[in-house]
Amino acid sequence: MKRIIAWLPDRVERRTRVVAWLYLAAQVLLVTTGGAVRLTGSGLGCPTWPKCTADSIVNTPEMGIHGVIEFGNRMLGGVLAILAILAFLMVVKLLRTRRDLFWLAFAAGLGVPFQAVLGGITVLIKLTWWVVGLHFITSIVLVALTTVFLVRVYAVPGPRVRAVPGWYAVTAYVTSVFVGITIVLGIVTTGTGPHAGDPNTPRTGLNPELIEHVHSFPAYATFALTLVLVVGAWRITATPVHRLTLLLLGVELVQIAVGLIQSNTGLPGILVGIHMTLAATLASVMTAVVMSLTAARRPEPVETGSAADVVAA
């Protein structure tokens with residue numbers, strides 16, 4: 001036990017950063033594999049939970065490719081649990097010096113078993129679309145949390161102050177709201193389409209074409225607001241907001257292109273899967289943009305001959 005305690009870092013170091021990157025990547029990958037489960041009709045590839053069948057924890061050869069895909073997604077959940085534990089261990093000694101990292105790792109770690117249980121519920125109630133939607137929203141929240149954790153791992157500790165003009169910060173927050181609305185309406189749109197995760201799963205009953213148009217409105221608003229952020233970032237040098245908004249714009253351009261193509265080609269599964277992964281990526285980058293609105297507070301300059309200067313001397 002003493003060796004384990006001694007092995008744990010007492011400051012943010014390379015191991016912490018590697019785990020933070022892997023943690024975020026695995027959260028996004030879980031969205032991808034979850035999409036694969038749904039888009040291949042493998043949602044009930046393992047018809048029970050937590051076991052794959054009533055008699056087996058793992059999938060069996062008789063279950064075919066659907067069992068492999070569904071069980072593979074569950075296995076990634078296990079990998080995420082390991083990463084959540086590692087992330088917490090990387091900061092457990094930093095409770096006093098980096099309280100932010102400690103509680104972020106703790107919160108994200110609690111989200112992993114919650115996500116697993118929610119995934120089990122979706123199987124037990126036969127993939128009801130709105131529960132599957134909650135499952136996806138939980139993934140997006142965890143992507144955002146692990147993004148915050150990653151950004152804070154690289155951040156200078158201590159008090160932070162706004163590093164952008166007030167109007168710019170407001171625009172960024174409004175953009176993040178539209179990103180959230182776009183993702184939620186995307187879930188409803190998927191709930192009206194053909195990719196239910198199982199052929200016998202009922203859909204929402206809404207008009208797919210109408211919902212697609214409703215989904216597109218906040219998406220285009222997000223794009224317009226992002227253009228404002230990109231242009232407005234040119235004169236901001238205190239934070240990495242410039243390159244992050246460019247990255248946000250790039251993700252949105254690809255996302256819009258994929259969305260238009262898939263809606264005009266009969267919603268092929270591969271494109272819907274890419275669209276889902278891009279939604280998680282969009283949430284991550286948008287979170288990073290919001291995090292970049294602040295910077296570490298610079299120490300106040302000490303005037304020569306002042307009391308503070310005398311004490312420092």
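Draft legend 1. Unusual backbone geometry, seen in detail. Between Trp49 and the following residue, Pro50, the backbone shows a cis peptide bond with an omega angle of 10°. Counting through the fold element by element, Pro50 comes out in the loop between helix H2 (14-39) and helix H3 (64-91). In this structure, Leu127 is a non-glycine residue whose phi angle is positive, near 65°. Here Leu127 is to be found in the loop between helix H4 (99-124) and helix H5 (129-154). Here Leu267, not a glycine, exhibits a phi torsion of approximately 55°, which is positive.

Draft legend 2. Region of the structure containing a nonpolar patch on the surface. A cluster of nonpolar side chains, Trp49, Val117, Ile121, Leu124 and Ile125, forms an exposed patch at the surface whose accessible area comes to about 400 Å². Note on placement: Val117 falls in helix H4.

Draft legend 3. Layout of the state of the cysteines. Evaluation of the coordinates by the stated rule reveals one disulfide. Two residues, Cys46 and Cys52, share a disulfide whose sulfurs are 1.9 Å apart. Measuring the twist about the S-S bond at about -70°, one finds the Cys46-Cys52 disulfide to be left-handed. The exposure class of Cys52 is buried, given its relative accessible area of 0%.

Draft legend 4. Representation of H4 within the structure. Under the 1.5 Å per step criterion, the end-to-end length of H4 is 38 Å for 26 residues, consistent within 8% with the ideal 38 Å. Just beyond H4, the residue with positive phi is Lys126, at close to 65°.

Draft legend 5. A look at the environment of Leu22. Considering the arrangement of structural elements, one finds Leu22 in helix H2. Each C-alpha atom of the pair Leu22 and Leu83 lies 7.5 Å from the other, and the pair is 61 residues apart in sequence.

Draft legend 6. Just the environment of Pro47, in detail. Tracing the chain through its elements places Pro47 in the loop between H2 and H3. With sequence-adjacent residues up to four places away left out, Pro47 is seen in contact with Cys52, Met63, Val123 and Lys126.

Draft legend 7. Structural detail: the side chain of Arg38. Note on placement: Arg38 falls in helix H2. Nearest to the buried, unbridged Arg38 among oppositely charged side chains is Glu70, at 11 Å. Excluding its chain neighbours within four sequence positions, the residues that come into contact with Arg38 are Val132, Thr190, Gly191, His195, Ala196, Gly197 and Arg203.

The rules behind each value
- Residues numbered from 1 in each chain as written.
- Predicted model: local features only at pLDDT ≥ 70, side-chain atom pairs only at ≥ 80, totals over all residues.
- Heavy atoms only, no water.
- Helix = DSSP H or I, 4+ residues; strand = E, 2+ residues; numbered from the N terminus.
- Patch = residues over 30% accessible without salt bridge, like charges linked within 9 Å, V, L, I, M, F, W, Y side chains within 5 Å.
- Areas by Shrake-Rupley, 256 points an atom, 1.4 Å probe, with all protein chains shown as cover.
- Salt bridge = Lys/Arg side-chain N within 4 Å of Asp/Glu carboxyl O.
- Disulfide = S-S within 2.5 Å.
- Buried < 20%, exposed > 50% of the residue type's maximum accessible area, 1.4 Å probe, protein only.
- Expected span 1.5 Å × (residues − 1).
- Contact = heavy atoms within 4.5 Å.
- Lys, Arg positive; Asp, Glu negative; His and termini not counted.

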